Amino acid sequence: MNKNKVALVTGSGAGIGRAIALRLASDGFDVIVNDISEASIKNVSNEIEQLGQRSLAIVADVSNRGQVFSMVDQTVDYFGRLDVMVANAGIVQVKPLMEITEEDMERIFRINVFGVLNCTQAAAKQMIKQKNGKIINASSTSGKRGVELLAHYCATKFSVIGLTQASAKELAPHGITVNAYCPGIVGTGMWEEIDRQMSEYHNVPLGESLNNRIKGIPLGRIEEPIDVANYVSFLASNDSNYMTGQAVVIDGGMVFS
């Protein structure tokens, strides 16, 4: 069994997930990189190995329960354990409330909520055997307050917080903590897509919707993926051992919660 702790980060082929995977590798974790794109996760996995840590790149869809459980099984077969599960994978869609369809709602819940449940259950199955572990879920400032044109996305992120709190209570007797992180406006491809879609609905130039929101950040700049990764690093460390059931906002001061 490898002496290093082992972390699995879903949706880590790019953006926030990639930053989390690399930060945990810098902290001394061996890291399983997961996404639905094989090319992207191989690149990140190579970066982790260049940092001196072991890594696996596993293609899996978090909305598929069987694939998630198989991914955890592969992790344990290779590394012997799983210490940290970061359920980071997620999607977003910009759409007016009255235009949201059942198909839209089902798709976003399948990934953003069912995906977190699948990761929680698969990780907890192994962590209960170990009698310890940390599960870390991706919520959002949109899980703390509703945002126009993002009603169904907000619904998923509010759901993640409820799932996090309930899971924390049930898994605490097994030595497992469950917490969530709530980013704000992060400079990633996801926010570029949000800006593009909002620009269409508001009939404004590309970049204007995003820039207007950045102006409302008290710390005066857009959030970087590393800002989120630094907090996840704390949640994955022993320094957070007495913390569970929390969903903390890291957004430069936009939402106080």
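Values in this document were obtained by computation on a predicted structure and should not be read as measured data.

Definitions and cut-offs
Residues numbered from 1 in each chain as written. Predicted model: local features only at pLDDT ≥ 70, side-chain atom pairs only at ≥ 80, totals over all residues. Heavy atoms only, no water. 1 Å grid on protein atoms, 1.4 Å probe; cavity = no way out; pocket = protein on both sides within 12 Å on 5 of 7 lines; lining within 4 Å. Points joined across faces, edges and corners; volume = space filled by probe spheres on them. Helix = DSSP H or I, 4+ residues; strand = E, 2+ residues; numbered from the N terminus. Phe/Tyr/Trp six-rings, centres within 6.5 Å; stacked < 30°, edge-to-face > 60°. Buried < 20%, exposed > 50% of the residue type's maximum accessible area, 1.4 Å probe, protein only. Contact = heavy atoms within 4.5 Å. Pairing = 2+ DSSP bridges. Axes fitted to C-alpha atoms, helices over the stretch in contact; angles between N-to-C directions. Core = buried A, V, L, I, M, F, W, Y, C linked by side-chain atoms within 4.5 Å. Left-handed = near helix turned anticlockwise from the far one by under 90°. Nonpolar A, V, L, I, M, F, W, Y, C, P; charged D, E, K, R; others polar. Expected span 1.5 Å × (residues − 1). Bend = angle between axes of the 7 residues up to and from the residue.

1. Comments concerning the layout of surface pockets
It is a probe the size of a water molecule, rolled over the atoms, that shows where empty space is left.
Here's step 1: Approximately 950 Å³ is the volume found for the largest pocket.
Here's step 2: As for the largest pocket, its lining consists of 44 residues, and the residues nearest its centre are Asn88, Ala89, Gly90, Ile91 and Met190.
Here's step 3: Those elements that place two or more of their residues in the lining of the largest pocket are α1 (15-26), β2 (30-35), α4 (102-112), α6 (151-171), β6 (176-183) and α7 (189-202).
Here's step 4: Here the lining of the largest pocket takes four residues from α7, the largest share from any one element.
Here's step 5: The computed volume of the second largest pocket comes to approximately 170 Å³.
Here's step 6: Forming the walls of the second largest pocket are 13 residues, and the residues nearest its centre are Lys5, Asn132, Gly133, Lys134 and Asn241.

2. Points about the packing of aromatic side chains
Here's step 1: Evaluation of the coordinates by the stated rule reveals two aromatic pairs.
Here's step 2: Here the aromatic rings of Tyr231 and Phe234 are separated by 6.0 Å at their centres, their planes lie at 35°, and the arrangement is tilted. In this pair, Tyr231 and Phe234 are both assigned in helix α9 (residues 225-236), three residues apart and thus about one turn of the helix distant.
Here's step 3: The class for Tyr231 is buried, based on a relative accessible area of 14%.
Here's step 4: Here Phe234 falls in the partly exposed class, since its relative accessible area comes to 30%.

3. Things to note about the environment of Cys119
Here's step 1: Positionally, Cys119 belongs in helix α5 (residues 114-130).
Here's step 2: Residue Cys119 is classed as buried on the basis of its relative accessible area, which comes to 1%.
Here's step 3: Each C-alpha atom, one on Cys119 and one on Ile250, is 22 Å from the other, the two residues being 131 residues apart in sequence.
Here's step 4: Discounting chain neighbours no more than four positions away, the residues touching Cys119 are Thr10, Val62, Val68, Met85 and Ala87.

4. Points about the sheet that holds strand β5 (residues 133-138)
Neighbouring strands of a sheet are bound in pairs by backbone hydrogen bonds; such pairs are parallel or else antiparallel.
Here's step 1: If you trace the seven strands from one edge of the open sheet to the other, you get β3-β2-β1-β4-β5-β6-β7, paired in parallel fashion. The sheet is open, and its two borders are formed by β3 (55-59) and β7 (247-250), each paired with just one other strand. Averaged over all pairs of adjacent strands, the angle between their axes in this sheet comes to 20°, without regard to strand direction.
Here's step 2: This element, α6, spans β5, β6 and β7 of the sheet and lies at about 160° to β6.
Here's step 3: Along the sheet, α9 contacts β4 (84-87), β5, β6 and β7; its crossing angle with β6, the most-contacted strand, is approximately 170°.

5. Thoughts on the nonpolar core
Here's step 1: Counting residues in each nonpolar core, the largest one holds 56 residues, and the members touching the most others are Leu82, Met85, Ile135 and Leu150.
Here's step 2: Residues within four places of Leu150 in sequence aside, it is in contact with Val92, Gln93, Val94, Lys95 and Met198.
Here's step 3: Membership of the second largest hydrophobic core comes to 29 residues, among which are Ala21, Val31, Val86 and Val228.

6. Topic: the packing of α4 against α6
Here's step 1: Where α4 meets α6, the closest approach of the two axes is 10 Å, and the angle between their N-to-C directions is 30°. As α4 runs across α6, the sense of the crossing is right-handed. In contact with Asp104, Met105, Ile108, Phe109 and Asn112 of α4, α6 contributes His152, Tyr153, Ala155, Thr156, Lys157, Ser159 and Val160.
Here's step 2: For the contact of α4 with α6, the residue count by class is six nonpolar, four polar and two charged.

7. Describing the side chain of Thr177
Here's step 1: By the element assignment, Thr177 lies in strand β6.
Here's step 2: With residues up to four places along the chain from it excluded, the contact list for Thr177 reads Gly133, Lys134, Ile135, Asn241, Met243 and Thr244.

8. Some words on α5
Every α-helix winds through 3.6 residues per turn, so residues three or four apart in the chain are directed the same way.
Here's step 1: Between its first and last C-alpha, α5 extends 24 Å over 17 residues, near the 24 Å set by a 1.5 Å rise per residue.
Here's step 2: A maximum bend of about 30° is found in α5 at Ala124.
Here's step 3: Of the residues making up α5, those classed as buried are Gly115, Val116, Asn118, Cys119, Thr120, Ala122, Ala123, Ala124, Gln126, Met127 and Gln130.
Here's step 4: Lys131 sits one or two residues past α5 and shows a positive phi near 70°.

9. Things to note about unusual backbone geometry
A negative phi angle is the norm for most residues apart from glycine, just as the trans form is the norm for most peptide bonds.
Here's step 1: Phi angles above zero are rare outside glycine, and Lys131 is one such case at about 70°.
Here's step 2: Taking relative accessible area as the criterion, Lys131 reaches 65% and is therefore assigned exposed.
Here's step 3: Even without being a glycine, Leu149 presents a positive backbone phi close to 70°.
Here's step 4: With respect to the element layout, Leu149 can be found in the loop between β5 and α6.
Here's step 5: Look at Leu149 and you get buried, because its relative accessible area is 15%.

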